[in-house]
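# Topology and contacts: notes
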Amino acid sequence: MRMETPLKRVRGLGSAESGAHHWWLERMLSVSTLLLFVWFVVSLLRMPSLDHAAVTEWLAEPLVAVPMLLLIASTFWHLKLGLQVVIEDYVHEEGMRFFSITLVNFFTIAVGALALFSVLKIAFGGDAS
């Protein structure tokens, strides 16, 4: 006979013991990505022109580069977590699941790092081309 209430059992973190943290992190990242994306679109719409020189000059400002870096980090982290959930739910073979998650991790880190480097290069005075 179990001595715990149904509520106590429901509040558990599941078999992996980290489900609630992962779920909460995904939700917080989606909110931050949404807010930063709205900032990005509004900022682009307020620019007089979208040619290379204007965007490079705009992105070189610290108050623009920092939110852009946050947008990139938030987007790729959210992408990684979302794809990981899809793989865990739909890839049933353990070896293929491990390989797929590893591939997603390397891909998101590599492309995210490239995007971060590009913004930093512009922000610190280098040319993007």
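Scope of this entry: the structure provided in the associated data block. (Residues numbered from 1 in each chain as written. Predicted model: local features only at pLDDT ≥ 70, side-chain atom pairs only at ≥ 80, totals over all residues. Heavy atoms only, no water.)

Let us now look at the side chain of Q84. Relative to the helices and strands, Q84 resides in helix 4 (residues 62-90). For Q84, the residues in contact, after removing those within four places along its chain, are H22 and I101. (Helix = DSSP H or I, 4+ residues; strand = E, 2+ residues; numbered from the N terminus. Contact = heavy atoms within 4.5 Å.)

One pass over the full model with this rule turns up two salt bridges. A salt bridge links E26 to R27; its shortest N-O distance comes to 3.9 Å. Residue classification places E26 among the buried positions, given a relative accessible area of 13%. Here R97 and E94 are joined by a salt bridge, their closest N and O atoms 3.1 Å apart. With R97 and E94 both in helix 5 (residues 94-123) and three residues apart, the pair spans about one turn of that helix. (Salt bridge = Lys/Arg side-chain N within 4 Å of Asp/Glu carboxyl O. Buried < 20%, exposed > 50% of the residue type's maximum accessible area, 1.4 Å probe, protein only.)

Running from N to C, helix 4 and helix 5 cross one another at 170°; their axes reach a closest spacing of 10 Å. In terms of orientation, helix 4 and helix 5 fall into the roughly antiparallel class. By residue class, the composition of the contact of helix 4 with helix 5 is 16 nonpolar, five polar and three charged. (Axes fitted to C-alpha atoms, helices over the stretch in contact; angles between N-to-C directions. Parallel < 35°, antiparallel > 145°, perpendicular 65-115°, else oblique. Nonpolar A, V, L, I, M, F, W, Y, C, P; charged D, E, K, R; others polar.)

Further remarks concern the packing of aromatic side chains. One pass over the full model with this rule turns up five aromatic pairs. Considering the side-chain rings of W39 and F40, the 6.5 Å spacing of their centres and the 45° angle between planes classify their relative orientation as tilted. The structure contains a cluster of three or more aromatic residues connected by ring pairs, namely F37, W39, F40 and W58. (Phe/Tyr/Trp six-rings, centres within 6.5 Å; stacked < 30°, edge-to-face > 60°.)

Each packed pair of helices is defined by two parameters, the angle between the axes and the distance between the axes. For the pair helix 2 (residues 19-46) and helix 4, interaxial distance at closest approach is 8 Å and the crossing angle is 140°. It follows from the interaxial angle that helix 2 and helix 4 lie oblique. The crossing of helix 2 and helix 4 is left-handed. Looking at side-chain class alone, the contact of helix 2 with helix 4 contains 15 nonpolar, nine polar and one charged residues. (Left-handed = near helix turned anticlockwise from the far one by under 90°.)

The next point concerns a nonpolar patch on the surface. Side chains of W23, W24, M28, V31 and L35 sit close together on the surface and give an oily, nonpolar patch of about 550 Å² of accessible area. Assignment of secondary structure puts V31 in helix 2. In this structure V31 comes out as partly exposed when scored by relative accessible area, which is 43%. (Patch = residues over 30% accessible without salt bridge, like charges linked within 9 Å, V, L, I, M, F, W, Y side chains within 5 Å. Areas by Shrake-Rupley, 256 points an atom, 1.4 Å probe, with all protein chains shown as cover.)

Such coordinate-based values are descriptive only and should not be taken to indicate function.
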